[in-house]
Amino acid sequence: MDKGGADDYQRLVEAQQIITRRREALEYYAHVYVAHERLEEWDNGKRARAALEGEES
């Protein structure tokens, strides 16, 4: 491989590593977002049940 080809190959490898790290970060943050949304839904449901129980008393 000539010098230009080696440089291109090295840039390609680096770009693939960056893409992989960014994809992994996005997957992680998507997981955190979904978990947060589910927790918020659970908390809202818990508050609604508490309010209903308070009205029944």
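An account of the accompanying structure is given in this report. Just so we're clear, the structure is a prediction, and the values are computed from it rather than from any experiment.

The next subject is the overall build of the protein chain. Helix and strand counts for the protein chain come out as 1 helix and 0 strands. At 25 Å, the protein chain has a C-alpha radius of gyration far larger than the 10 Å of a compact globule built from 57 residues. For the protein chain, the accessible area works out to roughly 5500 Å², and carbon and sulfur atoms hold 56% of it. Averaging the coordinates of the 9 positive side-chain charges in the protein chain and doing the same for the 13 negative ones gives two points 5 Å apart.

Turning to the packing of aromatic side chains, a few remarks are in order. Taken as a whole and judged by the stated rule, the model has 1 aromatic pair. With a centroid separation of 5.3 Å and 75 degrees between ring planes, the pair formed by Tyr 28 and Tyr 29 is classed as edge-to-face. Residue class for Tyr 29 comes out exposed when judged on its relative accessible area of 56%.

A few words on the pattern of salt bridges. Going through the model one piece at a time under the given rule, you end up with 4 salt bridges. Residues Lys 3 and Asp 7 are paired through a salt bridge, measuring 3.2 Å at the closest nitrogen-oxygen approach. A residue pair is termed a helical-turn pair when its members lie 3 or 4 positions apart in one helix, as Lys 3 and Asp 7 do in helix α1 (residues 3-56) at 4 residues. We note a salt bridge from Asp 8 to Arg 11, for which the minimum N-O separation is 2.5 Å. Placement of the pair is Asp 8 and Arg 11 together in helix α1, with a separation of 3 residues, close to one helical turn. Asp 8 gets classed as partly exposed once you look at its relative accessible area, which sits at 44%.

Scoring rules and cut-offs
Residues numbered from 1 in each chain as written. Predicted model: local features only at pLDDT ≥ 70, side-chain atom pairs only at ≥ 80, totals over all residues. Heavy atoms only, no water. Helix = DSSP H or I, 4+ residues; strand = E, 2+ residues; numbered from the N terminus. Rg over C-alpha atoms; globule rule 2.2 N^0.38 Å. Areas by Shrake-Rupley, 256 points an atom, 1.4 Å probe, with all protein chains shown as cover. Lys, Arg positive; Asp, Glu negative; His and termini not counted. Charge placed at Lys NZ, Arg CZ, Asp CG, Glu CD. Phe/Tyr/Trp six-rings, centres within 6.5 Å; stacked < 30°, edge-to-face > 60°. Buried < 20%, exposed > 50% of the residue type's maximum accessible area, 1.4 Å probe, protein only. Salt bridge = Lys/Arg side-chain N within 4 Å of Asp/Glu carboxyl O.

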